[in-house]
Amino acid sequence: MKGTRRDEDGYAPIHSYAAIGDGRSSALIAPDGSIDWWCTPCMDAPPLLDRLLDASNGGRFVLQARDLQGVERCYRDNSNVLETRVLTRTGVARVTESLNSGPAGRLPWSELARRMEGLEGEVIFDLVYKPGTRAGTCTPWMSDTPNGRVHHAGPVMTMLRYPAQTELTHCDDREVRGYLTLHSGDREVIALLDCQDEVLPVPPLQDIDTRIDRSDREWRQWVDDLHCAASRRAEVIRSALALKFLWFSPTGAIAAAVSASLPERIGGDKNWDYRYAWVRDAAYVIKAFLRVGALPDAKAGFSWLMTTIGKHRRGVAPCFTLRGERVEEERFIDVPGYRNSQPVRIGNTATDQLQTCAYGDVLEMASRMLEAGHILDPTTARLLFELADECADSWMRKDSGFWELEDLQHYTMSKAECWMALRRACELAEAGHLSTARLPRWQRERDRILEWMDAHCWDEARQTYVMYAGSDRLDASLMLAARFGLAEARRDRFISTREAIRRELADDSGDLLWRYSGMRDCEGTFISCAFWMVEAYGLLGETEKAGQLFSSLLARVQNDVGLMPEMWDPFNQQGLGNTPQGLSHLALVHAAFAVDGE
């Protein structure tokens, strides 16, 4: 594996991480066997393990082979159970890792299991468990109970379970260290158990071991129930499984990414907390689940999103917590940050922005649900009617746009999404899903939006739609509009815009795209934008070109286990931003269908 070693400060490359998850939280595992990120008991809780943001002192759960010479990792077929073949100077072993589920789905506690099997010779594994401070909110401490030793991190209680032959060399409030020798034919399990403000179960290691394979069967059953006929099915399924890391099963919410505050430029200050549910991202993931036939996940996500929007009326806030509340006010925490990228942020300020594009995201999502043959309840139908009416009233307002910018402008993408929102509202009303009481008004505003875009957002000299009215900048998010129908309504102008964007925003390879003009020196290329470009070719009939671009992107931005972060730095060949990133994986899913002309 190239480019996966830790740097001199102890940080592993962002793109090198694999993930495991249980429908409530997800953990990130570096190639060297260190679990560097785990927010428990849920994804947007303070992290128990946070070496990702503090290589020297952050929490970690390490199972690392001595004299390590190489690792070969893969997920089990159609599963999110991770297998790593470990090669050392003295032997070979296999490590199988899972956040376990039970016979009825999610366990009522968290169970991070790591099975070790000796394959050849002798392998010694060094063990380290160091609970973190949960974003500076607590000081970990240890207690000896009649039923075992536990570590406390604020309200979270954890227990490290290990086989009897483990040699402990150190154990105190802050850290447990030891080692375990494995010979050919040996099979042992080490696990980290935790729960918050509840009794902590202490199951036998054999039961934990059994649940690894049960969890694998449940992942494979989920894939078996999908209906996906894409020609690039393997890539689509792997990205669909990656999106499951973001799905919060207690509510149906969908997080934007597993991690928080990973930088969009090393040493920069664009370090955001993405462990919340963005309306835009969630709507796109729901559509991706629909495309692969994951109806229960799509339905749960749709119901949660509509209920949450309805609860917080009026308007559509850009993001919510995974339990449907307003995101906490952004604050900084006192840790070094990934490779000293400051500040480290918890919370997100986007929750108070006006983003009129959200109307398009919601109406398009609803349209896809109904197109698949499902039925609206009266409450949701009324809410969609109100959102369409709000869109008709609000589309002329300046907003923060698709990219959540502080500079309020008439963003072209916001207008395109409002146009799509009213287009879908009209279609739903005409089909009988929504009341027709406002249909004539929606139709008029729909047509006005396109006329306004042509008059104010089109650069005649350059033959391209610009980023916002009066601007000379370009915006790669407009490639999404191929899926919205803009390529159908304004085909020649869309194609001309597509070519301008690829000329001006692409890296030297022509494959990867910066989000918009002026970002080349500020951040990495945005992976999902490149897959949107695939759609912009495939949906316009240029499937051969779409397929070539799709294959090139996979070779560049996927890691060895098929996961992708938010961004890719083409100069230093490294991932940037939070990981795994929902937008990257859902964009791959839709792009794969576009390669087939769908």
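Structure: see above.
Residues numbered from 1 in each chain as written. Predicted model: local features only at pLDDT ≥ 70, side-chain atom pairs only at ≥ 80, totals over all residues. Heavy atoms only, no water.

A. Examining the overall build of the protein more closely. The number of helices and strands found in the protein is 14 helices and 30 strands. Expected size for 598 residues packed as a compact globule is a radius of gyration near 25 Å; at 24 Å, the protein falls within 12% of this value. Principal axes of the C-alpha set define a box for the protein whose edges measure 75 × 50 × 45 Å. The long-range fraction of contacts in the protein, counting pairs at least 24 apart against all pairs at least 6 apart in sequence, stands at 66%. For the protein, the computed accessible surface area is about 21500 Å², with 45% contributed by carbon and sulfur atoms. (Helix = DSSP H or I, 4+ residues; strand = E, 2+ residues; numbered from the N terminus. Rg over C-alpha atoms; globule rule 2.2 N^0.38 Å. Contact = heavy atoms within 4.5 Å. Areas by Shrake-Rupley, 256 points an atom, 1.4 Å probe, with all protein chains shown as cover.)

B. Focus on the packing of aromatic side chains. Scanning the entire structure with this criterion turns up 16 aromatic pairs. Both rings, one in tryptophan 222 and one in phenylalanine 289, keep their centres 6.3 Å apart while their planes meet at 80 degrees; by these two values the pair is edge-to-face. Of the two residues, tryptophan 222 is situated in helix α1 (residues 205-224) and phenylalanine 289 in helix α3 (residues 279-292); the sequence distance between them amounts to 67 residues. Of the two residues, tryptophan 222 and phenylalanine 289, both sit in the buried class. For the pair tyrosine 274 and tryptophan 278, a centre-to-centre distance of 5.4 Å together with 75 degrees between the ring planes defines the contact as edge-to-face. (Phe/Tyr/Trp six-rings, centres within 6.5 Å; stacked < 30°, edge-to-face > 60°. Buried < 20%, exposed > 50% of the residue type's maximum accessible area, 1.4 Å probe, protein only.)

C. A look at unusual backbone geometry. A cis amide bond links threonine 40 to the next residue, proline 41, at an omega of 15 degrees. Tracing the chain through its elements places proline 41 in the loop between β3 (34-39) and β4 (47-49). The omega torsion across arginine 313 and arginine 314 is 15 degrees, close enough to zero to call that bond cis. Considering the arrangement of structural elements, one finds arginine 314 in the loop between α4 (295-311) and β23 (319-320). The backbone phi angle of aspartate 67 is positive, close to 55 degrees, even though this residue is not glycine. The class for aspartate 67 is partly exposed, based on a relative accessible area of 42%.

D. Region of the structure containing the packing of helix α12 (residues 527-538) against helix α14 (residues 582-595). At a closest axis distance of 8 Å, the pairing of α12 and α14 adopts a crossing angle of 15 degrees. Relative to α14, the element α12 lies roughly parallel. Crossing hand, α12 versus α14: left-handed. In this structure, α12 contributes Ile527, Ser528, Phe531, Trp532, Val534, Glu535 and Gly538 to the contact, and α14 contributes Leu583, Ser584, Ala587, Leu588, His590, Ala591, Ala594 and Val595. Broken down by class, the residue content of the contact of α12 with α14 amounts to 10 nonpolar, 4 polar and 1 charged. (Axes fitted to C-alpha atoms, helices over the stretch in contact; angles between N-to-C directions. Parallel < 35°, antiparallel > 145°, perpendicular 65-115°, else oblique. Left-handed = near helix turned anticlockwise from the far one by under 90°. Nonpolar A, V, L, I, M, F, W, Y, C, P; charged D, E, K, R; others polar.)

E. Representation of the pattern of salt bridges. Counted by the stated rule, this structure contains 56 salt bridges. Salt-bridge contacts for lysine 270 lead to glutamate 264; the nearest nitrogen and oxygen are separated by 4.0 Å. When the shortest N-O distance is used, the salt bridge between glutamate 427 and arginine 423 registers 3.7 Å. Note that glutamate 427 and arginine 423 are positioned in helix α7 (residues 412-430) at a spacing of 4 residues, about one turn of the helix. (Salt bridge = Lys/Arg side-chain N within 4 Å of Asp/Glu carboxyl O.)

F. Seen up close, the nonpolar core. The biggest cluster of nonpolar side chains holds 215 residues, and the ones touching the most others in it are Trp442 and Phe531. Ranked by residues supplied to this core, first place goes to α7 with 11 residues. In this structure, tryptophan 442 is in contact with Phe385, Ala388, Asp389, Ala392, Leu422, Ala425, Cys426, Ala429, Leu434 and Ser435, ignoring residues within four places of it in sequence. (Core = buried A, V, L, I, M, F, W, Y, C linked by side-chain atoms within 4.5 Å.)

G. Highlighting the sheet that holds strand β28 (residues 525-526). Pairing within the open sheet is antiparallel, and its 3 strands lie in the order β28-β29-β30. The open sheet is flanked by β28 and β30 (574-576), the only strands paired with a single partner. Looking at chain direction, β28 and strand β29 (residues 567-569) are connected through 2 bridges and run antiparallel. Each bridged residue has a counterpart across the sheet, and for phenylalanine 526 the counterpart in β29 is methionine 567. (Pairing = 2+ DSSP bridges.)

H. Examining the pairing of β3 more closely. Of all 6 residues that make up β3, 6 are buried, and the element is covered over most of its length. Taking the residues that link successive antiparallel strands as the turn, the strand β2 (residues 26-29)-β3 hairpin has 4 residues, and the phi of glycine 33 there is positive, at about 95 degrees. Pairing geometry for β3 and strand β5 (residues 60-65), over 2 bridges, is antiparallel. Bridging across to β5, serine 34 finds its partner in valine 62.

I. Broad picture of the packing of helix α2 (residues 233-244) against α14. Interaxial distance between α2 and α14 falls to 9 Å at its minimum, and their mutual angle equals 150 degrees. Put simply, α2 runs roughly antiparallel to α14. The two elements α2 and α14 meet at a crossing, and its hand is left-handed. Here Glu235, Val236, Ser239, Ala240, Ala242 and Leu243 of α2 lie close against α14, whose contacting residues are Gly582, His585, Leu586, Leu588, Val589, Ala592 and Phe593.

J. Representation of the environment of serine 584. Take serine 584: it is sitting in helix α14. Its relative accessible area of 1% is what places serine 584 among the buried residues.

K. The pairing of strand β7 (residues 82-88), seen in detail. Buried residues dominate β7, accounting for 5 of its 7 residues. The pairing of strand β6 (residues 68-75) with β7 spans 7 bridges and is classified as antiparallel. Within β7, the position partnered with tyrosine 75 by the bridge is leucine 82. Counting the residues between successive antiparallel strands, the hairpin from β6 to β7 contains 6 residues, one of them, asparagine 78, with a positive phi of roughly 55 degrees.

L. Quick look at the side chain of histidine 152. Position of histidine 152 among the secondary structure elements: in strand β13 (residues 148-153). Of note is the side chain of histidine 152, whose polar atom sits 2.8 Å from the side chain of serine 143. In this structure, histidine 152 is in contact with Thr139, Pro140, Trp141, Ser143 and Met157, ignoring residues within four places of it in sequence. (Polar contact = N/O pair within 3.5 Å; in protein donor to acceptor, adjacent residues only side chain to side chain.)

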